[in-house]
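# Commentary on secondary and tertiary structure
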Amino acid sequence: RTEYALELRVVKIRLSDGAEEYLVTNLPEEEFKIEALKEIYHMRWEIETAFLHLKYALSAAAVHSRRYELVIQELYAKIIMFNFCKELIREVHVPQKEGWKHRYKLNITMAFTICMDFWRSPEDTAPEGLGGALLRYLVPVREGRSAPRRAGKKPAIHFNHRIT
């Protein structure tokens, strides 16, 4: 077992809503001031959100293969599907109507489901109603809204029960 010294710094940042957050980093203070760390963390959050959609909306939380090469192949397939779905979703314009209380955006989970169904369909061309199908599932954008995280323990799922 090899031991080595690790220098870390703890940085307290104040968020726009007044809350405080602590970041632990090994980036040098001379090159990365607090404002730079806030920006880097914000950019990282977009990546975390993409992984969340990849993991749950595209079912990458569980793989169906046991061999390493097949697991990698399955994960690459899910990443390709993720990129395909994001491209289709990006092309859909969500109209904002005058009398609506909130702005609306696509429900990403349902959009991924619709895109995957489209991918699996035997037709060679996109159905006319693909954009309309995506627009049926809108969710309001509520700025500055937060709720406490209710995370609980999850039981382990035996390999044979994950196969669908």
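Residues numbered from 1 in each chain as written. Predicted model: local features only at pLDDT ≥ 70, side-chain atom pairs only at ≥ 80, totals over all residues. Heavy atoms only, no water.

Each helix and strand counted, the chain has five helices and four strands in total. Secondary structure of the chain in N-to-C order comes out as β-β-α-α-β-α-α-β-α. Long-range contacts, defined as pairs at least 24 residues apart, comprise 51% of the intrachain contacts of the chain with a sequence gap of at least 6. Carbon and sulfur atoms provide 55% of the accessible area of the chain, an area that totals close to 13,800 Å². (Helix = DSSP H or I, 4+ residues; strand = E, 2+ residues; numbered from the N terminus. Contact = heavy atoms within 4.5 Å. Areas by Shrake-Rupley, 256 points an atom, 1.4 Å probe, with all protein chains shown as cover.)

Using the criterion set out here, one finds seven salt bridges in the structure. The closest approach of N and O atoms between Glu-20 and Arg-14, which form a salt bridge, is 3.0 Å. Close ionic contact of Lys-78 with Glu-74 constitutes a salt bridge, the shortest N to O distance being 3.9 Å. On the criterion of helical spacing, the pair formed by Lys-78 and Glu-74 is a turn pair, its members being four residues apart in helix α2 (residues 68-91). This pair shows no difference in class: Lys-78 is buried, exactly as Glu-74 is. (Salt bridge = Lys/Arg side-chain N within 4 Å of Asp/Glu carboxyl O. Buried < 20%, exposed > 50% of the residue type's maximum accessible area, 1.4 Å probe, protein only.)

Such coordinate-based values are descriptive only and should not be taken to indicate function.
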